[in-house]
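Each chain, letter by letter, is given below.
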Amino acid sequence: MQRYYVTTPIYYVNDDPHIGHAYTTIAADVLARHNRLSGRDVFFLTGVDEHGQKVEQAAQRQGIQPIELADSVVRRYRSLWPELEISNDDFIRTTEERHRKAVIAMWKRLQAAGAIYKGFYKDWYCVPCETYWTETQLKDTGSKDAGSLDDKHCPDCGRNVDQVQEESYFFRLGDYQEKLLEHIHANPDFIGPDSRRNEVLRFVEGGLRDLSVSRTTFSWGIPVPDDDAHVIYVWIDALTNYLTAAGFPDADMPHWPADVHLIGKDILRFHAVYWPCMLMAADLPLPKRIFAHGWWTVEGEKMSKSKGNALQPDKLLEAYDADTIRYFMLREVPFGQDGDFSFTALRQRYNTELANDMGNLLNRSLSMLYKYQDGKLAAIGSEQAGDRALVAAVEAMQRNVDAAIGKQAFHEALEQINAVVRQGNRYVEENAPWALFKQGDRERLATVLYHLVESLRLVVLQLSPFMPEKCALMLGQILHTEVNVETLSLADHGGWGLLQAGHVCARPEPVFPRLD
Ligand code: MSP
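Everything numeric in this text was worked out from a predicted model, so none of it was measured. (Residues numbered from 1 in each chain as written. Predicted model: local features only at pLDDT ≥ 70, side-chain atom pairs only at ≥ 80, totals over all residues. Heavy atoms only, no water.)

Participant: Help me understand the packing of helix α15 (residues 410-431) against helix α17 (residues 442-463) in this model?
Facilitator: Each pair of packed helices gets described by two things: the angle between the helix axes and the distance between those axes. Axis separation between α15 and α17 bottoms out at 10 Å; the angle between their running directions is 165°. It follows that α15 is roughly antiparallel to α17 by the angle criterion. Seen along the crossing, α15 lies across α17 with a hand that is left-handed. Where α15 approaches α17, its residues Leu414, Ile417, Val420, Val421, Gly424, Tyr427, Val428 and Asn431 are matched on the opposing element by Arg444, Thr447, Val448, His451, Leu452, Val459, Gln462 and Leu463. When the residues that make up the contact of α15 with α17 are grouped by side-chain class, the tally is 10 nonpolar, five polar and one charged. (Axes fitted to C-alpha atoms, helices over the stretch in contact; angles between N-to-C directions. Helix = DSSP H or I, 4+ residues; strand = E, 2+ residues; numbered from the N terminus. Parallel < 35°, antiparallel > 145°, perpendicular 65-115°, else oblique. Left-handed = near helix turned anticlockwise from the far one by under 90°. Contact = heavy atoms within 4.5 Å. Nonpolar A, V, L, I, M, F, W, Y, C, P; charged D, E, K, R; others polar.)

Right, here's the structure in full:
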């Protein structure tokens, strides 16, 4: 069976989950569910990043141990994901023993390859970003007050950076510059979207400097083997999680390399530069693809702790169901671009696309089936051009959804689905079943109703990775039985014509009541 391994970033435990975290996880979940539906052996990983100075400092501020802070945030993630219908196969914590072992093994492999050496370090460090900056990088990016040494700012987030000066281990990142460029050129799909690929190319072409990979100024992390004054840099620790869950350092890692690492645009360099270079140095296969999505603002504003406007998924779930949130986030913004979360936009999308189009099509189709044929599908007559066009549209949609999801274009996949729904509603108008009934044309009526219900079944099947609960309800009405979407497959259920004459659908019940 073909395997498919998808990951989310592991989230820092210094902060509560917000919709930015939910976004990547929902997107990864749709990839996982779509690939399961397509018959692949899926491994879907998410988890948390517990080490590093940022978490240590957050715990200090609250007067607790880092592990206590981590435990409480982990509880929140673990209860949130099922509520959002996240179907992850594993949840990794970087404080687990399996991970410590993997990080140590990774370190030793890099060391054995001669890719790590001990040196002396003098740089600037942004704690919130856990990122090092050189003097030149601060000046080049025009961070304000760049001239004064005690007031420097991070080129990424604009907050103050601290000067650090310490003995440190280094990773010979610079040695892999050419190999990485070759790899990116030879594998056009390695980094998506294209704009991010270009960004990485420009960055690497600008020259890679060796990377400091240990710290001596704090202790919350995994100690360097045989030199426990040093803690392994949190990004080396964190990135290795993708291997840990795949079974590293065991020789047998059936799921590695990952098919896709989904990430946000802010952590592109770590994933598309540091990580592949580490893997090359360790002589391990590289992930097949890294896709960086954009950032959400909320009602036009950047989410921030100080503004207190970070939108928390559990609050959102008090007002809207998981499926509506999932649908909105993946439909509203082309994946890869930035977007704005607004409640007006959410209600508008729901009311037009789900209540008016999708919900209405199902409801009117099943209602007519009950009104004219006691809920029962009847033998069909010969197909007309409009019928064939509907079948062709459904089959094209199946192929296009698969292609769109294969390149993480969720908005395109949903547009393909919605286009068939709109065509279905036009088909109703064009064929006017109520007139066929009046004219007593039972055969034509049966043909039209069959095409409606069968196309709905296949549309809902394709929509099910996005909206598992609503689709289970809709399929439940069509098939007149309780449906577990997780057991469905395109191979067994994706063909046109599987519904038989004589099948009785359930009475329609509204699935998408209008939101006001
Ligand atoms: N721990 C690291 C990742 C290590 S992966 C080996 C980290 N954690 S994080 O919790 O700060 O961020 C995780 C993800 O949340 C990132 O992909 C980031 O892009 C995403 N988001 C944070 N704020 C966001 C928005 N406002 N909008 C969308 N995604 C956002 O970085």
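Participant: What should I look at first to understand the packing of aromatic side chains in this one?
Facilitator: Any two aromatic rings considered together are summarised by their centre-to-centre distance and by the angle between their planes. Within this structure, the stated rule accounts for 28 aromatic pairs. Here tyrosine 132 and tyrosine 233 contribute two aromatic rings whose centre-to-centre distance is 5.3 Å and whose plane-to-plane angle is 50°, an arrangement assigned as tilted. One end of the pair, tyrosine 132, is in strand β5 (residues 131-133); the other, tyrosine 233, is in the loop between β11 (227-232) and α8 (234-239), with 101 residues separating them in the sequence. Look at tyrosine 132 and you get buried, because its relative accessible area is 7%. Of the residues examined, tyrosine 233 reaches a relative accessible area of 2% and is grouped as buried. An angle of 75° between the planes, with centres 6.0 Å apart, marks the rings of tyrosine 350 and phenylalanine 512 as edge-to-face. Here phenylalanine 512 lies in the segment after α19 (490-493) and tyrosine 350 lies in helix α13 (residues 343-373), a separation of 162 residues in the sequence. With a relative accessible area of 5%, phenylalanine 512 lands in the buried category. Three or more aromatic residues joined by ring pairs make a cluster, and in this case those are Tyr23, Phe291, Trp296, Tyr320, Phe328, Phe335, Phe341, Phe343, Phe410 and Phe466. Its end group placed over the ring of tyrosine 121, arginine 215 keeps NZ or CZ at 4.9 Å from the ring centre. One Lys or Arg, arginine 215, reaches over the ring of tyrosine 125 and ends 5.8 Å from the middle of that ring. (Phe/Tyr/Trp six-rings, centres within 6.5 Å; stacked < 30°, edge-to-face > 60°. Buried < 20%, exposed > 50% of the residue type's maximum accessible area, 1.4 Å probe, protein only. Lys NZ or Arg CZ within 6 Å of the ring centre and 35° of its normal.)

Participant: Can you walk me through empty space enclosed by the protein in this structure?
Facilitator: To locate leftover empty space, one rolls a probe as large as a water molecule over the atoms. Across all of its chains, the model carries one cavity of 30 Å³ or more by this definition. Its volume calculated, the largest cavity comes out at about 30 Å³. Every residue along the wall of the largest cavity is listed here: Leu361, Val420, Val421, Gly424, Ser455, Leu456 and Val459. At the level of elements, α15 and α17 are the ones that each hand at least two residues to the lining of the largest cavity. Here the residues of the lining of the largest cavity are counted per class, giving five nonpolar, two polar and no charged. (1 Å grid on protein atoms, 1.4 Å probe; cavity = no way out; pocket = protein on both sides within 12 Å on 5 of 7 lines; lining within 4 Å. Points joined across faces, edges and corners; volume = space filled by probe spheres on them.)

Participant: Which parts of the structure should I look at to understand the environment of phenylalanine 170?
Facilitator: In this fold, phenylalanine 170 is placed in strand β6 (residues 162-171). Phenylalanine 170 sits in the buried class, given a relative accessible area of 8%. Separated by 206 residues in sequence, phenylalanine 170 and lysine 376 place their C-alpha atoms 71 Å apart. Setting aside chain neighbours within four positions, we find phenylalanine 170 in contact with Ala115, Ile116, Tyr117, Gly119, Phe120, Tyr121, Asp210, Leu211, Ser212 and Val213.

Participant: What exactly am I supposed to notice about the site of the ligand here?
Facilitator: With respect to spatial proximity, 23 residues lie near the ligand, and among them Ile10, Asp49, Gly264, Asp266 and Trp296 are the closest. A distance of 2.8 Å separates a nitrogen atom of the ligand from a polar atom in the backbone of isoleucine 10. One of the backbone nitrogen or oxygen atoms of tryptophan 296 is found 2.9 Å away from a nitrogen atom of the ligand. When the ligand is considered free in solution it has 670 Å² of accessible area, and contact with the protein chains removes 93% of it. (Near = heavy atom within 4 Å. Polar contact = N/O pair within 3.5 Å; in protein donor to acceptor, adjacent residues only side chain to side chain. Areas by Shrake-Rupley, 256 points an atom, 1.4 Å probe, with all protein chains shown as cover.)

Participant: Explain the nonpolar core here, please?
Facilitator: Among soluble globular proteins, nonpolar side chains are generally buried collectively. Ranked by internal contacts, the top residues of the largest apolar core, which has 108 residues, are Leu330, Phe341 and Phe466. Here this core spans two domains, and each of domain 1 (3-112 + 235-332) and domain 3 (343-493) adds at least three residues to it. When near neighbours in sequence (up to four residues on either side) are disregarded, leucine 330 contacts Tyr23, Ile26, Ala27, Val30, Phe335, Phe410, His411, Leu414 and Phe466. (Core = buried A, V, L, I, M, F, W, Y, C linked by side-chain atoms within 4.5 Å. Domains from an automatic or database assignment.)

Participant: What is the right way to read helix α10 (residues 268-281) from this model?
Facilitator: Each turn of an α-helix holds 3.6 residues, which means side chains three or four residues apart point in the same direction. A rise of 1.5 Å per residue sets the reference length of α10, with its 14 residues, at 20 Å; its end C-alpha atoms lie 19 Å apart and thus fit the reference within 8%. Extensive coverage of α10 is indicated by the burial of 14 of its 14 residues. Looking at the residues trailing α10, positive phi occurs at aspartate 283, about 60°. (Expected span 1.5 Å × (residues − 1).)

Participant: It is not clear to me how the domain arrangement of the chain should be interpreted in this structure. Could you clarify?
Facilitator: Reports often express the size of an interface as the amount of accessible area lost when the parts come together. You can read the domains of the chain as domain 1 (3-112 + 235-332), domain 2 (116-211) and domain 3 (343-493). Placing a centre on the C-alpha atoms of domain 1 and another on those of domain 2 gives a separation of 22 Å. Every contact between the two is made by 28 residues of domain 1 and, on the other side, 28 residues of domain 2. Together, the buried faces of domain 1 and domain 2 total about 2,600 Å²; carbon and sulfur atoms form 69% of this surface. Linking domain 1 with domain 2 are zero salt bridges. Joining domain 1 to domain 2, the criterion identifies seven residue pairs in polar contact (both at pLDDT 80 or more). Elements with a contribution of two residues or more to the side of domain 1 that touches domain 2: α2 (53-62), α4 (97-112), α10 and β13 (290-293). Examining the composition of the side of domain 1 that touches domain 2, we find that 11 residues originate from one element, α10, more than from any other. (Buried area = accessible area lost by both parts, 1.4 Å probe. Salt bridge = Lys/Arg side-chain N within 4 Å of Asp/Glu carboxyl O.)

Participant: Is there a simple way to explain the confidence of the model for the chain in this structure?
Facilitator: Atom-level detail of predicted coordinates should not be read off regions where pLDDT is low. For the chain, the average pLDDT comes to 95, and 97% of its residues sit at 70 or higher. When the criterion is pLDDT under 50, residues 143-150 qualifies, and its contacts beyond four places in sequence or with other chains add up to 11 contacts. (pLDDT = per-residue confidence, 0-100.)

Participant: I would appreciate a short explanation of the layout of surface pockets in the present structure.
Facilitator: One number sums up the size of the second largest pocket: a volume of about 340 Å³. Around the second largest pocket, the lining comprises 19 residues; the ones closest to its centre are Gln137, Phe203, Gly207, Arg209 and Tyr274. The element contributing the most residues to the lining of the second largest pocket is α10, with three residues. In the lining of the second largest pocket, the residues fall into 10 nonpolar, six polar and three charged.

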